[in-house]
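For reference, the chains in residue letters:
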Amino acid sequence: MLGGESCTFTGMFIRRHSLHIILLLAITLVSFRTGESFEIDGTETGPPFVNIPTPWADSLILTLSLEEKIGQLFMVAAYSNRGQEHESELSELIKKFGIGGLIFFQGGPIRQALMCNELQSESKIPLLIGMDAEWGLAMRLDSTVKYPWQMTLGAIQNDQLIYEMGRQIGLQLNRMGVHVNFAPVVDVNVNANNPVINARSFGESRENVANKGLAYMAGLQSARVMANAKHFPGHGDTDKDSHKSLPIINHNNARLDSIELYPFKALIRQGLSSMMVAHLNVPALVREFNMPTTLSEQLIKGMLRDSLRFEGLIFTDALNMKGVSARFKPGEVDLMALKAGNDVLLFPEDVPKAVNEIVGAVKEGEISEEEITAHCLRILRSKEWVGLSNYQSVPIEGLYQDLNKIEYRLLQRKLFQSALTLLENKNDLLPIDHLDTLNIACLAIGEGGQTAFHHYLSMYTKVDSFFLPFNSDQISHKPLLDDMSEHDLVIVSIHTSDKSPYSRKPLDGSSANFLSALRLKKKVVLVSFANPYLLKSIPNLNHFDAILQSYQNTELANELSAQAIFGGIGLKGRLPVSIDRDYQAGSGKNLEAIDRFNYVWPEEIGMESSWLSLIDSIAIEGLNAGAYPGCQVFAAVKGKVFYHKTFGFHSYDSNDVVHTHDIYDLASVTKIAATLVVIMELEGKGAIDLDFALCDYLPELVDTSAYGNLSLREILAHQAGLAPWIAFYKNSLVNGSPRYEVYSLDSSRLYSRRVADKLWINESYEDSIYAQILRTPLNGKEYKYSDIGYYFLRRIAEKITNTPIEAYLDEHYYKPMGMNRTSFNPRNKFPLSEIIPTENDQIFRKQLIHGYVHDPGAAMLGGIGGHAGLFSNANDLAKLMQMYVNNGTYGGRKYLNDTVITEFTSCQYCQDDNRRGAGFDKPMIDLEDGGPTCTCVSLLSFGHSGFTGTYAWADPSDGIVYVFLSNRVNPSADNKELVKLGIRTRIQEVIHDAVARSERKKLLNDSLSEQ
């Protein structure tokens, strides 16, 4: 049998022609270096295997019998998910008929690789392996990268990205032992009702289709994988599926030449290696009535070979498709396809019958053996070009990792981002600004994806979420419209299944009617995670305030669309197909990003995720050591958030895992996140002066006290000699129990400030607190950290602004910046399930502190202290720190003067060995002396830590913002493990090291690029 001597034959042949093979490989590597940039130089060239010597193929063809040559013409369907019986059937075809190739369909990468290795070992001549991998291996295999569909790619304006995608897919196919990718689809989709091409096309512009097809082709072939342009002569203007029938294209020659054939001719001129012929009825090109193009000698030999001078490999479309199989029997159709001029007979239904038919036809003189030889030689030469003259089996070890490299995932992300297309933006509504004036809702219509979209929208501001299924009952619309009535802006997202690009369903009438009613009542941003043709079914499309076409309902598209809406990323995509008169192919508006956070993967900014894994280890070390029940860690550089994770639980006895939206008691970080913000603003406006004294602002309180001479600068820098803290609660207790005249179990007009559950304090007790402060002696003008000064600073801020500090901050800072998770007294705004508990206080309040401020003094002021009381999550707090790094700007709005920030973040009394800024903590003047930071920060850096286990730090020298939040005081404030283990500063060191390494890496890459 032929298969019994295959290994011996191949090995002998390779040894005999080893010098030729080495020469071939050298030429190939020079001609197709991976990573080259994509350019069209206009020079015509033939397929790559025509332009180089092919000694292996040219010698091998001389040794083959007619039957062996015929066997090489067949590429049979293979499935790695069908079991041993199917594999045995393929093995029989290889051994008995010497088939030339396999086209793999559904399965898994390891299963396919094992199956491919086994079948290759049984073949006398190495098999040519093909796959439909239009959007990558994920089109057929699980656990692999799914690149965007071609219509999504059609929106991208940078064709270099398409080239790079082609190159990456080529490398992945190479790793799988696959040699032919049946891509790109270069059909010009001018028919919105096309059931089989549609989103598989780059669009309706012939130039866009041609350019992107060229880029994809060049990328594949740079990796020594054969590209395959399909479906010749053009399947874009059909309303029938050739899998089920024979579509007819009734255009004249001029139209076909101008539109349908244009991309194919462009790719042929630039060295296309293979082509697939479609099952179509095209009367203008095929004289014989109702003859499928696949079986037409006039089309294939006359046009494709002679007129268009295509020298590459010609594949039939699958011969089991109804476009040909409905009229012609197995064997008969194969012979007809071969006589028409096809080289490879794809997906034959019956190989034995087909072989018999072809052998008989040669004997009868219907087709010559010379013609068979020519087809076979072309196949062998293509095999030689893809490396099969030196066949090696697919290594299984590391296969999954090799197919899922981070650079592949990064490009996938970049492609989706580059495709996003802004079609409408009335009055520059996007990116959404003035967050303080808008009550925003997000309404998801359809299926899936809305969770990721809403999650990322909520990273920027408060967004209320609603859902409406397709084909909803109109009775449910009115209550939903009523819910929307309280909102100023509604972001409507349409989500359809992302399982297949064939879906072209219009929006159902019920949903379309709801949208029509909604846009008459509210400003609406419409975001479509669906085929762009869906927009055709939405009446009065141009009446929406903004329209974002996002193409596919993937998690990436959902995330990136949300970022674009708030200005985290920009938009440059262009519509690849026409929707209506207002939105034609090529429509789209650019949108520039603004200085809001952009949430990225570390590798997007030159880092490696592995560098940051040490943060995970340190955070988990803290959990295991009992340093805290849970924590949030956040890191950004130059406005790009590259690390944002949570660890652990709300408490040691809780099953509630920490989420990014959960909020922590910030403790003393309140100083720089609340009180200091207002003080800086007032200083910038000239309303206060740091060198003025307390008596200048609070004469009614401190005029007769030594406190009156303390300057604001001394207080802020902890140089005023104030006591570190005062246990105000002790005077309010008798034998450990609350005094009845100070506290009440319920609220009333006098007892209006809540301290804890069933504990309300008389608001007049605030006077007693200040009186106790003023009775406390000063310790001289030396550095001593103190909370006490912030009692006065809060009072100054409220007096000058004539507004409670919590209301002023909310109106002027937190709401405009989108800090919707930041608040004093969080129980008034958030459910307890989203608030992290602190200490189980058995001294003062005799209960678990949950949703109330941990600090007793702030609690006795009703939860609002100048030094404590603010709750937030890492994401929100980081926005404020980023504003400081940006010299007072965030989200396109100026909040503070840069000169003010410089003054307050500078060391105030360095000469007195005091490292502090005005309110901000600073690194030790000699970084090697320890202090609140790692030695990796610059002396320009600033921040603050909090007693509950919180930390916020910014370094303007390299643009780093770092936030660590924990509840280390749960259940006891005596827990010192967080500080002992140096958790916060060790994580800070990893972050700074990663940023520094990424900068060095960038400099090295830039240097290599210049060389």
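Student: I'd like a rundown of the overall build of the protein chain, residues and numbers included.
Tutor: Check the secondary structure of the protein chain and you find 35 helices and 32 strands. Overall size of the protein chain, expressed as C-alpha extent along the three principal axes, is 120 × 65 × 50 Å. Residue pairs at least 24 apart in sequence account for 73% of intrachain contacts in the protein chain once pairs closer than 6 positions are excluded. Counting only carbon and sulfur atoms, one obtains 49% of the accessible surface of the protein chain, whose full area is about 37900 Å². If the 95 positive side-chain charges of the protein chain are averaged to one point and the 118 negative ones to another, these points end up 2 Å apart.

Student: Residues and numbers for the layout of surface pockets, please.
Tutor: The calculated volume of the largest pocket comes to roughly 1300 Å³. Those elements giving two or more residues to the lining of the largest pocket turn out to be helix 18 (406-419) and helix 35 (983-1010). Per element, the largest residue contribution to the lining of the largest pocket is eight residues, and it comes from helix 18. Partitioned by chemical class, the residues of the lining of the largest pocket number 14 nonpolar, 13 polar and 15 charged.

Student: Which residues make up the sheet that holds strand 27 (residues 870-872), and what values go with them?
Tutor: If you trace the three strands from one edge of the open sheet to the other, you get 18-27-24, paired in antiparallel fashion. If you trace the sheet from one side to the other, it starts and ends with strand 18 (664-665) and strand 24 (823-824), each paired once. Pairing between strand 18 and strand 27: two bridges, direction antiparallel. Across the sheet, the residue bridging to Asp665 is Phe871, located in strand 27.

Student: Describe the nonpolar core, naming the residues involved and giving the relevant values.
Tutor: Counting residues in hydrophobic clusters, the biggest one holds 160 residues, and the most contacted among them are Phe74, Ile99, Leu102, Phe232, Leu443, Leu526 and Ile538. Ignoring sequence-local partners within four residues, the contact set of Leu102 consists of Met75, Val76, Ala78, Leu90, Leu119, Leu127, Leu128, Ile129 and Gly130. Formed by 132 residues, the second largest nonpolar core is a distinct cluster that contains Ala756, Ile761, Ile849 and Ala878.

Student: Quick one: what's the story with the packing of aromatic side chains, residue by residue and with numbers?
Tutor: According to the stated counting rule, one finds 26 aromatic pairs in the structure shown. Ring centres of Phe453 and Phe529 lie 5.2 Å apart, and the angle between their planes is 75°; this geometry places the pair in the edge-to-face category. Residue Phe453 is located in helix 19 (residues 450-457), and its partner Phe529 is located in strand 13 (residues 523-529); the two are separated by 76 residues in the primary sequence. Judged by relative accessible area, which is 0%, Phe453 ranks as buried. What makes Phe529 buried here is its relative accessible area of 0%. A ring pair is formed by Tyr729 and Phe844, whose centres lie 5.1 Å apart and whose planes are at 25°; its orientation type is stacked. Here the residue Tyr729 occupies a position in the loop between helix 27 (712-716) and strand 19 (733-734), and Phe844 occupies one in the loop between strand 25 (840-841) and strand 26 (847-848), the gap between them amounting to 115 residues. Given the relative accessible area of 11%, Tyr729 is considered buried. Taking relative accessible area as the criterion, Phe844 reaches 3% and is therefore assigned buried. Here the aromatic residues Tyr456, Tyr460, Phe566, Phe597, Tyr599, Phe634 and Tyr890 are joined through ring pairs into a cluster of three or more. Positioned above the aromatic ring of Tyr79, the side-chain terminus of Arg82 is 3.5 Å from the ring centre. The cationic tip of Arg795 hangs over the ring face of Tyr770; the distance from NZ or CZ to the ring centre is 4.6 Å.

Student: Can you explain unusual backbone geometry? Please cite residues and give values.
Tutor: Cis geometry is adopted by the peptide bond preceding His231, which originates at Lys230 and carries an omega value of 10°. For the bond running from Asn970 to Pro971, omega is 5°, close enough to zero to count as cis. Considering the arrangement of structural elements, one finds Pro971 in the loop between strand 32 (960-966) and helix 34 (977-981). Even without a glycine there, the phi angle at His718 is positive, about 60°. In this fold, His718 is placed in the loop between helix 27 and strand 19. In this structure, Asn735 takes a positive phi of about 55° despite not being glycine. Looking at where Asn735 falls in the secondary structure, it is placed in the loop between strand 19 and strand 20 (737-738).

About the thresholds
- Residues numbered from 1 in each chain as written.
- Predicted model: local features only at pLDDT ≥ 70, side-chain atom pairs only at ≥ 80, totals over all residues.
- Heavy atoms only, no water.
- Helix = DSSP H or I, 4+ residues; strand = E, 2+ residues; numbered from the N terminus.
- Contact = heavy atoms within 4.5 Å.
- Areas by Shrake-Rupley, 256 points an atom, 1.4 Å probe, with all protein chains shown as cover.
- Lys, Arg positive; Asp, Glu negative; His and termini not counted.
- Charge placed at Lys NZ, Arg CZ, Asp CG, Glu CD.
- 1 Å grid on protein atoms, 1.4 Å probe; cavity = no way out; pocket = protein on both sides within 12 Å on 5 of 7 lines; lining within 4 Å.
- Points joined across faces, edges and corners; volume = space filled by probe spheres on them.
- Nonpolar A, V, L, I, M, F, W, Y, C, P; charged D, E, K, R; others polar.
- Pairing = 2+ DSSP bridges.
- Core = buried A, V, L, I, M, F, W, Y, C linked by side-chain atoms within 4.5 Å.
- Buried < 20%, exposed > 50% of the residue type's maximum accessible area, 1.4 Å probe, protein only.
- Phe/Tyr/Trp six-rings, centres within 6.5 Å; stacked < 30°, edge-to-face > 60°.
- Lys NZ or Arg CZ within 6 Å of the ring centre and 35° of its normal.

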